Amino acid sequence: MLKNDFKSKLFLKYISSYLFILLIPLILMTVFIYQNAVANLRTEIEQSRLDQLTQAKVIVDGRIKELSEIASRISYDKRLTPYRVHDPIFSGEAIQSLDQYKSTSSIIDEILLYFHKDGKIYSSQGLYDLDVFAKAFNFQNWPKDKLFEDLNTVKFPSMRPEIASKTSTSMLQRMLAYLVPITPNNPTPHGTVMYLIKESELSDLIGSVLGNYQGLTYILDSAGHILVDNRQGEALSGSGAKSLIELPAGISERTINGKPHSVVSVKSDTNGWTYVTAMPSSQFFSSVLHVRSFMILLFCITVLVGAAAALLLARMQYRPISNLVEFAASSSGGERPQGAAAASGNELDRIRSALQAYSSRIDLQEPFARNHFLSMVLKYGNVQSLSPELQRTFELRFDRAHHFAAVIGSGANAGTPNEREERQELIQLLNQIEFPELHAIGYGVELPQLDQLALIVSFDSDGRQPAFDRLREIVEAVRASLLDVTEDIPSIGVGTCYGSPDQLNQSFIEACSAFEHRASVEPGSVTYFEKLSDAPNQADWIPGNALMKLSQSLKQGSFDVAAQIIESAMRNLHASRPSALLTRCICFDLLNTMLRTASELGLHGAAQDFAPAAIYGNSLDELERSFLTLASRICGQVEQNVQKEEQSLTDRISAYIDEHYADHSLSLESVAFTFSVSPSHVSRSFKEKIGLNFIQYIWQKRLEQVIVQLRTTSDPLKDIIMRVGYQDTPNFTRKFKKETGYTPGQYRKLFSENEQARHLSETDDE
């Protein structure tokens, strides 16, 4: 049997489809897992390094703070006053005191005390003349004059970066000089404490915290000077290192020496220093090689398992279809072809042909299918793409020469029973209204708003009068017919007449614009879109009615209509070639209309999607693309808002039904009027969001409650049915049996939790 299945192209198509459906998510999932593993590992490493660098900063800042505290103690130490230091008797005690202070910090290589304008400097090793001191330490990039100037003038604690000194053993050591004026925080210090710190002390201190890794480590002061340079396997120029101070604190990406690096930066609030580490990004990927190997192995295994699953699923899906083919053949009196599909079509084609009549009749049972069909015509146009069979089924004809749409204000919100009755009469009147003498036929469409209806009109002109004159006669005839039904004078907005029914969506947008514009005139008026202000001050300007139509198309979320208006306006600008100033003014007029409409819709973020300054520098083609992008975003947001509103409305309606399902008068119309929307809109949105139509949903709620009461009570079936809002007991019993396979009495007898109720089950069935 499986061998015969492989002869079917449909069966092979199912297998290939399942393989395709399997492989695409599998590849995406593999890439996602791999990238996610790399990203997670990188994040962990970077966060760990950020924590370590923060810890190193705290330790170094603490050491530097200790130096400031030592300098403060020195300034108040009586043994180190200028008098005691210069006294030959006590100078030895002062030198010993400096040695004691030196031993209190592990990073101090030498501590020196200097009093302003003194010819001597004191250290833990002894007393130096300034000239002797300069020769003894022989700082490479700190001249003697500059050294003495810094010692006499320093006002705030400062670090002299990376001075190289030659010791007595002629070895060159890289050192830092930290100068602290004494007394600290005194605007007129009398001396300076200078600490000499080996750079290796700080780099080793940081390295002990960061651990071993390949990368760069820097400490930079607030001016961008390098204080500590600890590199492993890489080097960076001084200017390149200084640029790191501009990086924000935290983790960032930067290209160093032509390679991507992950840079971690920490700012010190104590002294303004910046601590920076840079690690090559390649180090992260070397850590996920095992993940890559595992993913390849998992991919291969999944493909093999997926191929077997695809074969199984394809066979499971094809088997019911083959059974339906046999049913279709028996229904049509034919026989199922052997092997694959016959030349006349595959299995699905034969099933479709056999069941088409049944599915058509089922679709027609939906009472609002016709209105939904016409609503789609108003929203999208494109009548010719719709099934001719459906058009014939709904008795709709769009074969006349001219077509237009109108919006009619019913004048009532259908809040009272009289208003509801009046609205139903209007709907029945407009359902299919015909004027043979004018060669016109119209089809009414319920809009979501209770106080508005739409009318689609198709007509032929006699050739002796303009189409617009015939249109006005038709509108007046419609208006007269409406006045026979309602006491309120209806307001009507009429769109432009077009030669193709595929443009009815444009006419509907225009009708909405005209209807909205009618608010500025007396109630009950007829407003024609073609008669709205369309005479600009200059021939190059976009007509006012076109801007109104653009605004309305955005409000309706109709991007196709909005795009046509924008493209037409830009084509006119290309053709007329107005001055640059006039072109900018016209483009600002178009942009203002779109942004104002977005603001009215509450889409205040739309202005951020378009920079008005771009009008000055972009070409017309670029502006057109920008306008189309903006219109697309506005229309997309409108569609999203509509969907959210419909979902919210459906949720509120379902909650209302859950609360009132036991009311026997509950109906689609009553619920629709309760929520101030049209019944057709409730029916369509309810079916789309819930998956059940309105009647089915109420039936399910009542059925569930009946089942609960059959199980838990001994009340008579008739009382239970009445309590849940159902009044026809025999009909309910038939539907109950069809749904559960049992009569209510049988169900109670089998599943009741109440012993007394079981004895009543036979009476219930009677």
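Everything that follows concerns the structure shown earlier in this document.
For every chain, the first residue of the written sequence is number 1, and numbering continues from 1 along that sequence. A pLDDT threshold of at least 70 governs which residues receive local features in this predicted model, and a stricter bar of 80 or more applies before side-chain atom pairs are shown or counted, although totals over entire chains, interfaces and linings include all residues. The basis for the side-chain values is all heavy atoms of the structure; hydrogens and waters are excluded.

A. Spotlight on the sheet that holds strand β16 (residues 491-494). Spatially, the six strands line up as an open sheet ordered β13-β14-β15-β12-β16-β17, and their pairing is mixed. Each edge of the open sheet is held by one strand with a lone partner, namely β13 (433-435) and β17 (526-528). For this sheet, the mean inter-axis angle between neighbouring strands, taken without regard to orientation, is 20°. By the bridge criterion, seven bridges tie strand β14 (residues 440-446) to strand β15 (residues 452-459) in an arrangement that is antiparallel. If you follow Ala440 over to β15, its bridge partner there is Phe459. Lying on the sheet, helix α12 (residues 369-380) is in contact with β12 (402-409), β14 and β15; it crosses β14 at an angle near 100°. Any two strands between which DSSP finds at least two bridges are classified as paired. To qualify as a helix, a DSSP run of H or I must reach at least 4 residues; to qualify as a strand, a run of E must reach at least 2; elements of each kind are numbered from the N terminus. Convention adopted: a line fitted to C-alpha atoms gives each axis, helices being fitted over their contacting stretch, and angles between N-to-C directions are expressed from 0 to 180 degrees. Only heavy atoms enter the contact rule, under which two residues are in contact if any of them lie within 4.5 Å.

B. The environment of Lys78, seen in detail. Relative to the helices and strands, Lys78 is located in the loop between α2 (9-76) and α3 (82-86). Between the C-alpha atoms of Lys78 and Ala94, which are 16 residues apart in sequence, the distance is 9.2 Å.

C. View of the nonpolar core. What is meant by a nonpolar core is a set of buried Ala, Val, Leu, Ile, Met, Phe, Trp, Tyr and Cys residues, joined one to another through side-chain atoms within 4.5 Å. Each residue is placed in one exposure class: buried if its accessible area under a 1.4 Å probe, protein chains only, is under 20% of its type's maximum, exposed if it is over 50%, and partly exposed if it falls in between. Of all hydrophobic cores here, the largest spans 40 residues; its most connected members are Leu67, Ile74, Ile111, Leu113, Tyr195 and Ile197. No other element matches α2, which puts nine residues into this core. Apart from the residues within four sequence positions on either side, Ile197 is in contact with Leu67, Ile107, Asp109, Met159, Arg174, Met175, Leu176, Tyr178 and Leu202. Counting residues in each nonpolar core, the second largest holds 31 residues, with Leu554, Ala563, Leu603 and Val638 among its members.

D. Spatial organisation of the pattern of salt bridges. Put simply, a salt bridge is a Lys or Arg side-chain nitrogen that is within 4 Å of an Asp or Glu carboxyl oxygen. Following the criterion strictly, the structure yields 16 salt bridges and no others. In this structure, the salt-bridge partner of Asp77 is Arg79, at a minimum N-O distance of 3.0 Å. Overall, the relative accessible area of 10% leaves Asp77 in the buried class. Accessibility expressed as a relative area gives 25% for Arg79, which makes it partly exposed. Among the ionic pairs, Asp715 bridges to Arg723, the shortest N-O distance being 2.8 Å. Residue Arg723 is classed as partly exposed on the basis of its relative accessible area of 39%. Members of the salt-bridge network, linked through shared partners, are Lys146, Asp150 and Arg160.

E. Layout of unusual backbone geometry. In this structure, Thr183 follows Ile182 across a cis peptide bond, with omega equal to 0°. Here Thr183 shows up in the loop between β5 (172-182) and β6 (191-198). Despite not being glycine, His439 has its phi angle at roughly 55°, a positive value.

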